2 protein chains.
Amino acid sequence: MVISEKQEAGCKTNQDELIQKMVFPEGILLENGQKIAPLEIAYQTYGQLSQAKDNAILICHALTGDQYVAGVHPITKKLGWWSKMVGPGLPIDTNKYFVICSNVLGSCLGTTGPRSIREDITQARRWGSDFPAITIKDMVNTQKILVDSWGIERLFAVIGGSMGGMQVLQWAVSYPDQVYAVIPIATSSFHSAQNIAFNEVGRQAIFSDPDWRDGEYWRYGVSPYRGLAVARMMAHITYLSEDALSRKFGRRLQESLKDSSAPIFGEMFQVQSYLQYQGSNFVRRFDANSYVTITQAMDWFDLSQTHDGDLVKAVAHVKSRFCVISLSSDWLFPTSRSRAIVQALNRVGAKVSFVEIATDKGHDAFLLEEPDLDITIQGFLSGIEEQRRLENYAS
Amino acid sequence: MVISEKQEAGCKTNQDELIQKMVFPEGILLENGQKIAPLEIAYQTYGQLSQAKDNAILICHALTGDQYVAGVHPITKKLGWWSKMVGPGLPIDTNKYFVICSNVLGSCLGTTGPRSIREDITQARRWGSDFPAITIKDMVNTQKILVDSWGIERLFAVIGGSMGGMQVLQWAVSYPDQVYAVIPIATSSFHSAQNIAFNEVGRQAIFSDPDWRDGEYWRYGVSPYRGLAVARMMAHITYLSEDALSRKFGRRLQESLKDSSAPIFGEMFQVQSYLQYQGSNFVRRFDANSYVTITQAMDWFDLSQTHDGDLVKAVAHVKSRFCVISLSSDWLFPTSRSRAIVQALNRVGAKVSFVEIATDKGHDAFLLEEPDLDITIQGFLSGIEEQRRLENYAS
């Protein structure tokens, strides 16, 4: 099915030459019945695939993440988003494992998304807001096309946090024979009304930006930067715990105001400029249509939906070993959500362990320095490796 | 000091004729040293002031509230925002008490605010974004001007929730001899980094609306409705608990989509249209500059600020009886904030009782049907009335 490795079609910049990708001309049939063809998948791998093709670990990134999980990001020149976790000698050890991470369907770092040029119609145009409404399962199916293309019959593990964790759960449910073990982190089996509400406000901020132009902003050489920045700022608050924000900034004033005894009109507190920095930094690297597309996929996510709302039924046929991890101060996807997953898995006799990491850093803690998380992941991977060895020996 | 009762200057509409107000030509000296003169205060009263002027209860409204605490709102024709609490025979019984509520300084329902015409300069123009940065204490000082004008030497009680609670605390600290009792509800003695962060995102949404025009939108006959609606939608999420949102909406789809098995681009869930309704409804009644001004006053609020960050020192001279009330599922101003207030009050030997109302409705529960809240307020008021009778008898 693979025919070539090429630059991101029609969106070519100097940056794009740095992105590794594969093109699948047959494309993908989406859950909503629409077809996207050709399908481009941008990915990055670390380590070597063993001859038996049994050491592959797929890492699934979160809403605004990308395929550069480790090493140095070829575009930003910063370290990959999980470089403290993935690399030689690290908990996800690239000396042992072949680590794969691909940019999710609908995103904007090389995989087909709203910014890509449509090739299914005659006139040259980007998908823009005509990009189909996709699902977490569509993202997983995209990853499966990539993994299958390498002849990997079973992934040793699928690991991811937040929206990455949703993909992890979907993998275990949709492809039970293809996943030996899974580690869903700081995630949920569904998006709650509050989760949807926060995403909706972010989208409305984008839609209210006049540069949104019904999602056709690319035609006019503009982008709804202001709306997207507001969306990012708001989402960023939900990624941190109240304690983390207090510790980081408290009520500290801007340097210029530090002896002020009365308020001024404008920016007073350090937390304000921090948030503005988060917003403006983000819009340089992310596409508004991708943000809308991916947040909608998250909102739609509910593992139990196709099983009359019964999570137990949804997980009835899983075969993977689970290590479910939650973060104690995560208020976006609180521990209760992980517990619900574990309870459903227990109900069907799945192999499941559950760890709540004690941290006061909030949802984003899985991306930060958390020794307990490293120990948990490393320990689980070692354990299942040993287990698989015994199983292979027995059979 | 009172010279006349007149319509809201320069902003006269048919609606304004319905608003009761007083004009104080000497104006008010703000904390930042600026003077606003004349000062208009729009207010509403319920019940009769006793001859001894000892039965006045001041109610302080929240960020987007107004003076119409009970009865029917003369403009919206809806019931006042606390009409389940204030009225004849209700917990705050207008058969017994003279209830006062005034529109806060900086707001937009009659009291001087950014929408008012400046009278301190020659050319006719509204304050707009030149309106001074005000504080919660400036709001309280405005209320004091009104209360003093009636010759009320001591308020029987000052009661309010959320930002209203901040004013309540400020009254007790700034004017210990003028307040017999206070009931701060669902509030905090300071705005935390997270509180500031949410307000900042709201303001940024307003500032990114091109119709904001540096706050001079009134010159152009426009208003940053879209930005203000986004700010309101986001704030609204913080007023509800996750449980309340889940119970109200869960993941229920829009009627038109209810048999859908795949996502669409656009509005899918009922919670989305609910939020959009909240946003669009709000912009019809509120002014963007007022929203910016008042949220900044909240952000600036920290009772301990003028006492080296020591809340105990800040409350050292209070004389009022306190009934501190928190709401168990309030995540905007969680119970821990109320507890900190109570601990500081205990430390200085103040008369304080503390009730955490068990509710799963979140911050806004104080505005909703909560029988325990009614019982608590009614019980406390009866108790202090009895106490005062005994004191008067003894003296």
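Nothing here was measured: the structure is a model prediction, and the numbers come from that model. (Residues numbered from 1 in each chain as written. Chains lettered and ligands numbered in written order. Predicted model: local features only at pLDDT ≥ 70, side-chain atom pairs only at ≥ 80, totals over all residues. Heavy atoms only, no water.)

### Focus: the overall build of chain A
Then, in step 1: Counting secondary structure elements, chain A contains 10 helices and 12 strands.
Then, in step 2: For 395 residues, the compact-globule estimate of 2.2 N^0.38 gives 21 Å, and the C-alpha radius of gyration of chain A, at 21 Å, lies within 12% of that figure.
Then, in step 3: Seen through its principal axes, chain A has C-alpha atoms that stretch 75 × 55 × 45 Å.
Then, in step 4: Expressed as a percentage of its 395 residues, the buried residues of chain A come to 62%.
Then, in step 5: Partitioning the intrachain contacts of chain A with sequence separation of at least 6 by distance along the chain shows that 69% fall at a separation of at least 24.
Then, in step 6: Here chain A displays about 14,900 Å² of accessible surface, and carbon together with sulfur accounts for 50% of that area.
Then, in step 7: For chain A, the separation between the mean place of its 38 positive charges and that of its 43 negative charges on side chains is 1 Å. (Helix = DSSP H or I, 4+ residues; strand = E, 2+ residues; numbered from the N terminus. Rg over C-alpha atoms; globule rule 2.2 N^0.38 Å. Buried < 20%, exposed > 50% of the residue type's maximum accessible area, 1.4 Å probe, protein only. Contact = heavy atoms within 4.5 Å. Areas by Shrake-Rupley, 256 points an atom, 1.4 Å probe, with all protein chains shown as cover. Lys, Arg positive; Asp, Glu negative; His and termini not counted. Charge placed at Lys NZ, Arg CZ, Asp CG, Glu CD.)

### What about the relation of the copies chain A and chain B?
Then, in step 1: Laying chain A over chain B is done by rotating through 180° and shifting 0.0 Å along the axis; what remains is an RMSD of 0.0 Å. Both chain copies can therefore be described as sitting about a two-fold axis.
Then, in step 2: In this assembly the copies share their binding face: 100% of the residues contributing to the interface of chain A also contribute to that of chain B. (Least-squares fit on C-alpha atoms with pLDDT ≥ 70 in both.)

### Digging into the packing of helix H3 (residues 193-208) of chain B against helix H7 (residues 288-300) of chain B
All names here are of chain B.
Then, in step 1: Across the interface, H3 lies against H7 with an axial gap of 10 Å and an inter-helix angle of 160°. On the basis of their axis angle, the class for H3 and H7 is roughly antiparallel. In this structure, the crossing between H3 and H7 has a hand that is left-handed. When H3 is examined against H7, the residues Asn-195, Ile-196, Asn-199, Arg-203, Ile-206 and Phe-207 are found in contact with a partner set consisting of Ala-288, Tyr-291, Val-292, Thr-295, Gln-296, Met-298 and Asp-299.
Then, in step 2: Per-class residue counts for the contact of H3 with H7 are 7 nonpolar, 4 polar and 2 charged. (Axes fitted to C-alpha atoms, helices over the stretch in contact; angles between N-to-C directions. Parallel < 35°, antiparallel > 145°, perpendicular 65-115°, else oblique. Left-handed = near helix turned anticlockwise from the far one by under 90°. Nonpolar A, V, L, I, M, F, W, Y, C, P; charged D, E, K, R; others polar.)

### Side note on the pattern of salt bridges
Then, in step 1: Overall, the coordinates contain 40 salt bridges over all chains when judged by the stated rule.
Then, in step 2: As a salt-bridge pair, Arg-389 of chain A and Glu-386 of chain A come within 3.0 Å of each other at their nearest N and O atoms. With Arg-389 of chain A and Glu-386 of chain A both in helix H10 (residues 371-394) and 3 residues apart, this pair spans about one turn of that helix.
Then, in step 3: Given the relative accessible area of 37%, Glu-386 of chain A is considered partly exposed.
Then, in step 4: Between Glu-391 of chain B and Arg-321 of chain B there is a salt bridge, with the nearest N and O atoms lying 2.5 Å from each other. Here Glu-391 of chain B, found in helix H10 (residues 371-394), pairs with Arg-321 of chain B, found in strand E11 (residues 321-327); they are 70 residues apart in sequence, far enough to count as distant.
Then, in step 5: Taking the relative accessible area as the measure of exposure, Glu-391 of chain B reaches 31% and is therefore partly exposed.
Then, in step 6: When its relative accessible area of 9% is taken as the criterion, Arg-321 of chain B is described as buried.
Then, in step 7: The network of salt bridges with shared partners includes Arg-118, Arg-125, Asp-130, Glu-216 and Arg-219 of chain A. (Salt bridge = Lys/Arg side-chain N within 4 Å of Asp/Glu carboxyl O.)

### Regarding the sheet that holds strand E9 (residues 155-161) of chain B
Residues and elements named next belong to chain B.
Then, in step 1: Strand order in the open sheet formed by 8 strands is E1-E4-E8-E5-E9-E10-E11-E12, with mixed pairing between adjacent strands. Two strands lie at the open edges of the sheet, namely strand E1 (21-24) and strand E12 (351-357), each paired on one side alone. The sheet shows a mean angle of 20° between the axes of neighbouring strands, direction not considered.
Then, in step 2: As paired strands, E11 and E12 are joined by 7 bridges and run parallel to one another. Bridge assignment links Phe-322 to a residue of E12, and that residue is Val-352.
Then, in step 3: Helix-sheet contacts for helix H2 (residues 163-174) involve strand E5 (56-60), E9, strand E10 (179-185) and E11, and the interaxial angle to E9 is about 145°.
Then, in step 4: Its contacts with the sheet put H10 on E5, E9, E10, E11 and E12, and the angle it makes with E10 is roughly 165°. (Pairing = 2+ DSSP bridges.)

### Some words on the sheet that holds strand E10 (residues 179-185) of chain A
Residues and elements named next belong to chain A.
Then, in step 1: In spatial order, the strands read E1-E4-E8-E5-E9-E10-E11-E12; together these 8 strands make up an open sheet with mixed pairing. One side of each edge strand has no neighbouring strand; the edge strands of this open sheet are strand E1 (21-24) and strand E12 (351-357). Each neighbouring strand pair of the sheet contributes to a mean axis angle of 20°, computed without reference to strand direction.
Then, in step 2: Relative to strand E4 (residues 39-46), E1 runs antiparallel, the two sharing 4 bridges. Bridged to Lys-21 within E4 is Ala-42.

### What about the state of the cysteines?
Then, in step 1: Enumeration according to the criterion identifies 0 disulfides over all chains in this entry.
Then, in step 2: Here Cys-323 of chain B is not disulfide-linked; the sulfur of Cys-60 of chain B is the nearest cysteine sulfur, at 15 Å. (Disulfide = S-S within 2.5 Å.)

### Some thoughts on the packing of helix H4 (residues 225-239) of chain B against helix H6 (residues 270-283) of chain B
Residue and element names in this part refer to chain B.
Then, in step 1: The interhelical angle for the contact between H4 and H6, taken along N-to-C directions, is 125°, at an axis separation of 8 Å. The pairing of H4 with H6 is recorded here as oblique in orientation. The element H4 and its partner H6 pack so that their crossing is right-handed. Across the interface between the two elements, Tyr-225, Leu-228, Ala-229, Arg-232, Met-233, His-236 and Ile-237 from H4 touch Tyr-274, Leu-275, Gln-276, Gln-278, Gly-279, Ser-280, Phe-282 and Val-283 from H6.
Then, in step 2: Class assignment for the residues of the contact of H4 with H6 results in 9 nonpolar, 5 polar and 1 charged.

### A closer look at the packing of aromatic side chains
Then, in step 1: Inspection of the entire model under this criterion finds 34 aromatic pairs over all chains.
Then, in step 2: When the ring of Tyr-97 of chain B is compared with that of Phe-156 of chain B, the centres are 5.5 Å apart and the planes differ by 15°; the resulting orientation is stacked. Taken together, the residues span a long stretch of sequence, with Tyr-97 of chain B in the loop between strand E7 (92-93) and strand E8 (98-102) and Phe-156 of chain B in strand E9 at a distance of 59 residues.
Then, in step 3: Feature note: the residues Phe-198 and Trp-331 of chain A together with Phe-198 and Trp-331 of chain B constitute an aromatic cluster, connected by ring pairs.
Then, in step 4: Positioned above the aromatic ring of Trp-127 of chain B is the side chain of Arg-118 of chain B, whose terminal nitrogen or guanidinium carbon lies 4.1 Å from the ring centre.
Then, in step 5: Across the ring face of Tyr-175 of chain B, the terminal group of Lys-144 of chain B is positioned such that the distance to the ring centre comes to 4.9 Å. (Phe/Tyr/Trp six-rings, centres within 6.5 Å; stacked < 30°, edge-to-face > 60°. Lys NZ or Arg CZ within 6 Å of the ring centre and 35° of its normal.)

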